[in-house]
Each structure stands twice: as structure tokens, then as C-alpha cells.
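Architecture at a glance
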Amino acid sequence: MMRFVWAVVAAVGLAAAVQAEPLKPAVEVRLLGASDLVPVIEYVGGLVGQKDQFEQIGGLVKTFAENEKGLEGLDLKRPLGAYAVVTEKVEESTVVLMIPVADADAVVALMSGKLSLDPKKDEKTGTYSMEVPNFPATVYFRFNDGYMYATLRSADGVDKAKLIAPKTFFADKMPGVIAAKVHFDRIPADLRKAVYGQLELQLKEGAKNNADPAQKRINEFLIDAGVDAVKTLLTEGDTLTAAIDVEPKSDDIKLAVTITPKGGSTLSKTFASFADRDSGVTAAVAAVKNPVLALGLNFTLPPETKKKFAALIDGLAKDAVDNAKGDEKAALEMVTNSVLPTLRAGDLQLGLVTTDAGKGKVGLTAAVKTVDGKEIEKTAKFFGQFLPADQAEFTGDVEKAGERNVHKLKFAKSEGVPFGSDTLWVLTGDDLLAVQTADKADGVKAIGATKPAKTPMLAFEVSLVRFAGLVNSANADTIKNVVNSVFEGGKTDGLDTLKVTATGGKEFTLTTTIKGKGLVFITGVNQK
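Structural notes, computed from the coordinates.

Thresholds, definitions, all that
- Residues numbered from 1 in each chain as written.
- Predicted model: local features only at pLDDT ≥ 70, side-chain atom pairs only at ≥ 80, totals over all residues.
- Heavy atoms only, no water.
- Helix = DSSP H or I, 4+ residues; strand = E, 2+ residues; numbered from the N terminus.
- Rg over C-alpha atoms; globule rule 2.2 N^0.38 Å.
- Buried < 20%, exposed > 50% of the residue type's maximum accessible area, 1.4 Å probe, protein only.
- Contact = heavy atoms within 4.5 Å.
- Pairing = 2+ DSSP bridges.
- Core = buried A, V, L, I, M, F, W, Y, C linked by side-chain atoms within 4.5 Å.
- Axes fitted to C-alpha atoms, helices over the stretch in contact; angles between N-to-C directions.
- Parallel < 35°, antiparallel > 145°, perpendicular 65-115°, else oblique.
- Nonpolar A, V, L, I, M, F, W, Y, C, P; charged D, E, K, R; others polar.
- Arc of directions from axis to C-beta.
- Phe/Tyr/Trp six-rings, centres within 6.5 Å; stacked < 30°, edge-to-face > 60°.
- Salt bridge = Lys/Arg side-chain N within 4 Å of Asp/Glu carboxyl O.

1. Quick look at the overall build of the protein
Looking only at helices and strands, one finds 16 helices and 22 strands in the protein. A compact globule built from 528 residues would reach a C-alpha radius of gyration of about 24 Å, whereas the protein, at 31 Å, exceeds it by more than 25%. On the principal axes, the C-alpha backbone points of the protein span a range of 100 × 65 × 45 Å. Looking at the protein as a whole, 38% of its 528 residues qualify as buried. Considering only contacts within the protein whose residues lie at least 6 apart along the sequence, 62% involve residues at least 24 apart.

2. What to know about the pairing of strand S18 (residues 432–437)
With respect to burial, S18 is a largely interior element, five of its six residues being buried. Sheet topology places strand S14 (residues 361–369) next to S18; five bridges connect them, and they run antiparallel. From the neighbouring strand, Ala367 faces S18, where its bridge partner is Ala434. Note that strand S17 (residues 423–428) and S18 share five bridges and pair antiparallel. By the bridge assignment for S18, Leu427 is matched with Ala434. Remark: three residues form the turn of the hairpin made by S17 and S18, two consecutive strands paired antiparallel.

3. Some remarks on unusual backbone geometry
At Glu72, a position not held by glycine, the phi torsion is positive, near 55 degrees. Position of Glu72 among the secondary structure elements: in the loop between helix H3 (51–66) and strand S2 (80–85). We note that Ser116 has phi near 55 degrees; this positive angle belongs to a residue other than glycine. Inspection of the secondary structure assignment puts Ser116 in the loop between helix H4 (104–112) and strand S4 (120–122). Assessed through its relative accessible area of 58%, Ser116 is described here as exposed.

4. What about the nonpolar core?
Counting 19 residues, the largest nonpolar core has Val483, Phe487 and Phe521 as the members making the most contacts within it. Counting only elements with at least two residues in this core, the list comes to helix H2 (38–47), helix H14 (464–471), helix H15 (476–486) and helix H16 (516–527). Per element, the largest residue contribution to this core is four residues, and it comes from H15. Setting aside residues up to four positions removed in sequence, Phe521 forms contacts with Leu464, Val465, Ala468, Ile479, Val482, Val483, Val486 and Phe487. Listed in part, the 16 residues of the second largest apolar core include Trp425, Leu427, Ala441 and Val444.

5. What about the packing of helix H7 (residues 213–236) against helix H10 (residues 303–323)?
Where H7 contacts H10, the axes come no closer than 10 Å and their chain directions differ by 175 degrees. With respect to each other, H7 and H10 are oriented roughly antiparallel. In this structure, H7 contributes Ala214, Arg217, Ile218, Phe221 and Asp224 to the contact, and H10 contributes Thr305, Lys308, Phe309, Leu312, Gly315, Leu316 and Asp319. When grouped by side-chain class, the residues that make up the contact of H7 with H10 number six nonpolar, two polar and four charged.

6. What to know about helix H8 (residues 266–273)
For H8, every residue scored as buried is listed here: Leu267, Ser268, Thr270 and Phe271. Around the axis of H8, the buried residues are gathered within 160 degrees of arc, so they sit on the same side. On its buried side, H8 packs onto H7, strand S9 (237–247), strand S10 (252–261) and strand S22 (508–515).

7. Regarding the side chain of Ser421
Secondary-structure assignment places Ser421 in the loop between strand S16 (404–411) and S17. Residues within four places of Ser421 in sequence aside, it is in contact with Thr437, Ala438 and Asp439.

8. Digging into the environment of Leu340
For Leu340, the position within the fold is in helix H11 (residues 326–345). On the basis of relative accessible area, Leu340 is assigned to the buried category, the value being 14%. Taking C-alpha positions, Leu340 is 44 Å from Val520, a pair spaced 180 residues apart along the chain. Discounting chain neighbours no more than four positions away, the residues touching Leu340 are Ile313, Asp314 and Ala317.

9. A closer look at the packing of aromatic side chains
Enumeration over the complete set of coordinates arrives at 12 aromatic pairs. Ring centres 5.8 Å apart and planes at 80 degrees place the aromatic pair Tyr128 and Phe143 in the edge-to-face group. Here Tyr128, found in strand S5 (residues 127–130), pairs with Phe143, found in strand S6 (residues 139–144); they are 15 residues apart in sequence, far enough to count as distant. For Tyr128, a relative accessible area of 11% gives the class buried. Considering the side-chain rings of Tyr147 and Phe170, the 5.7 Å spacing of their centres and the 25 degrees angle between planes classify their relative orientation as stacked. Of this pair, Tyr147 sits in strand S7 (residues 147–152) while Phe170 sits in the loop between helix H5 (166–169) and strand S8 (178–183), and the two are 23 residues apart along the sequence. By relative accessible area, which is 17% here, Phe170 ends up buried.

10. Looking at the pattern of salt bridges
Any two side chains of opposite charge can pair if their charged atoms end up close together. Summed over all chains, the structure comprises 22 salt bridges. We note a salt bridge from Glu28 to Arg186, for which the minimum N-O separation is 3.8 Å. Here the residue Glu28 occupies a position in strand S1 (residues 27–31), and Arg186 occupies one in the loop between S8 and helix H6 (189–207), the gap between them amounting to 158 residues. Since its relative accessible area comes to 9%, Glu28 is described here as buried. With its nearest N and O atoms 2.8 Å apart, the salt bridge here joins Asp224 to Lys308. Linking Asp224 in helix H7 with Lys308 in helix H10, this pair joins segments that are 84 residues apart in sequence. With a relative accessible area of 35%, Asp224 lands in the partly exposed category. The class for Lys308 is partly exposed, based on a relative accessible area of 36%. A single network of salt bridges, built from pairs that share partners, joins Glu28, Arg30 and Arg186.

11. A closer look at the side chain of Arg404
Mapped onto the elements of the fold, Arg404 is located in strand S16. For Arg404, a relative accessible area of 18% gives the class buried. Not counting residues up to four positions away in its chain, the partners in contact with Arg404 are Glu399, Leu427, Thr428, Gly429, Asp431, Leu432 and Gly448.

12. Section: the pairing of strand S15 (residues 392–401)
As paired strands, S15 and S16 are joined by seven bridges and run antiparallel to one another. Residue pairing in the sheet places Thr395 in a bridge with Lys408 of S16. If you look at the hairpin formed by S15 and S16, you'll find two residues sitting between the two strands, and Gly402 has a positive phi there, around 70 degrees.

Take a look at the structure:
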């Protein structure tokens, strides 16, 4: 008899444990509570020129947040959430919305009264159902742990035993104002396979009518690399998190996307190879002060991609040389042979900076790591002697910078030349090619002397105001008017930037940060 009793107890305990297992949604979304959004609301009001009105809205939110029953029963202090359990038939997936409530009866009264809805409660289960005009499905909801859980189509989505507790769902610190998280291994394998399978079919279908051999080679490489990247992400990725954050004090609006790989996977090794690494090239260019635009790239292609990229470069070079004729063939062969080792290496260390040289002109500084760079130097010297005298004059080996040589390219006319100086200095060595427009060679020599420092795989920055002035000089008056309306005293230094960075390591993170006033400026210029 006792054995039977213990067997029943064990069975009940096992059933309870199974029932108590929390749902594992594939997608999770979290949003700060309304009271925590007040600083953001007031900040946005200041950006759009409606500071007073938005401060009034913020004040109302604060008042209702302190009310014991909130706003019509809604709790404005706690965060909102949503999650989705994805099935192979996506349309049958369960999506649940989590809305914090201070008074459940007041929320139901709001629906029945002001919203003219008719929520009906199932007294057995505690689940409500209601039809919403012009809405395609029945809405089901229930109240639990201070939240209203709402879903569509089936009451099973808000079954009490399947709900994720708020303390569990909101346990981690919010990475921004709003954040979404995707768990790749919680998406059915067949659905993931269908995604990258369909992507490959559509890309190949769109590219098959391209008759140009070079473009065909490039398309094949890009399609193969793109599909492989998506496949690897969906099969070897653990999570993807995207978060938008707003910092009113610094005027920063930030979007950060982070991908965490499964441990020991090929993807984890790839991300590890993308970690910040020492580079004199990108460190030197990053040191240029007050850039209009700055770009730094510092990473090595993954092994398989590197092989495919090398094959692409070899194929393009061979096709170009084979299709050339006469002297053009020999010249093209010389050029391709000199740059192929650098391109095939798949190790990209490149820096590019433009500065404002005044009167619509730019200053240029650029550098790239080379392989067998002496061959590039030899090719440049060879072709430099054939430059038309009425356009430019090339003089090789005008100075030394350690073991590297400095060459000079002087433009005959300043008209039609976009640079602020009529001289382009070129620094060449076996491992480096650098150029700079300047009256003296000091800057380009300094690039070669820069000590390597750790830099990210991608760093991009642009001054939106000055860049707009350079590329859209015909609308200088419009730009000036917008600047004066957006920036106090017309001063924009450091207040109008767009920055993009990518970093690797244990995870991969792509971050885009734009100044709020910079965003308003771009919007204003486009509306004029």
C-alpha cells in the first residue's frame, strides 16, 4: 500500500515538475516602464522644438505613476514585455504581450467602458476573451503577478501554467530603452533551414540574368558568402540582442546589435579572430585630428572565405588580362601582379580620413597594409613617368622614412582637383602604402613611424554637418540655416557625429551612435 502511495506522490511530483517548466520563447522584447521613459520623452521634445509640451506629458506620466491605481489601472512604473514561441508553421506561433497593471478591475472597466469592448471571463480558468472591431482574431488575456498577459487566437497562450513570471522575464538589466533578443536554437531547425534555403534560391534567381563575366563572378562569391554567413548564424549562433538606448545628457542615440555564438563553434572562432588587434595602419590614421570622415578596417577574413575570395580575385585578374589587347594587356598584367599578393592575403588593415581644407576642398590621408609592397612601388614608378605634364608630375624617391621611400605627385592645376593641396605624398614599403595631400611630407612620414596599437575591426565616424557641406555645396545657404536652427550659436564640433563600430572577441557587437542634434540636422536638410 505504501509503495502505491509513494508511486502516486512521485507521479504527481513529476507531473508538477513538467508543468512548472518555464516556456522557452525564441523571441523576447522588453521596454522600459513609462515613468523611466520620462527623461527620454522630454529629451525628444527638446529635439523637435516642443520642449514645453513634452515636459507636460512627462509630468502627467510621473503623476499617474505615483497613483496607487496607476492610469486606468495600468502600472506606469514597471517595464513592458512580449515574447514569442515560434513553431514550424510561423502563423501558428504563440505571441504573448505582458502589460504591467496596478488594478486589474480598473483595466477591465476601461475596456468595458471607454473602449466599448466586451471582455468575457471564463470563471473556471480565469481567462478573458474579447473581440476587437476590425481585428482578425480573438484576444485572450489573464492577470497574473501584477501583469496582464495577452495573446491571439488561442487561450492556451495565456494558460497560467505556461506563463513566464515577471521576475524571471525581467531579471536581467535592460541594455537600453527597448531591447529584443532572439534565441536561435529555439527556432525549429526545419524553419531555419527553410530561411537560408529560400534566401539562396532568391539571390541566385535575381543574379542569373547577369551576362557580364566579372559581375557574375562577384555575384557568385557574394551569394555564397552571404548564404553561408546566414546559415552559420542560424546554426551556430546562440543569441542575437538588439537594443536602442538614449542618453539625453550626452545627446547620444545608440543602436547596438550583439551576436553570441555557441561555445566551441566555428562562429565562435571567427568572432575571436575579429577581436581588437595591433595595427600601425589604423592607429596612424585614427590619430588625424578633426576628421570630416574617418574609416578604419582591421580584420582577417575567416579561412574558408579567404580561400574563396582569393579564387575570386585570381579569376577577375585573369579575365581582365585575357580580355586586354596589345600594350594594355602588358600594363594590366603588371598592375594585377603587383596588387594580387595584398588582395589575396585577406588581411585587411586600412585607414582613410578626409578633413575640411576650406573652399569646398578636402584633405586626404589613407594607408593600407601591403604584401610585397615593393612591387606596387615599382609599378607606381613605372606608370608615373607617363603622366601628361599638363596634368601632374610624379617624382620618385624624393625622401626617405626609415627603410621606406617617399614619392611626390604634384598636380599641374588646382581647378577640378578636389584636394586642398596640389601635392599628394606617397609612402611605400614592403608592408605599407600610405598617401596624404599636404604641402610637406611630414604627415605621410609620421604614418610609417606610428607604433601599432589595438584598434577594432571597424571604426567609422562622420561629421554630418561638414560632410553635407562638402558633398552638397550648392545648398550652402540651406545648410547654414538648418545649422543655426539646430545648434546653439551654430557651433557643431563633436555635436553632429555618426559613429559605427564593430568589435569581436567572445561575441560580435555592431554599434551605431548618432548625436540627436545630428539626426535633427539631417532631417531638416532633407525637408528643405
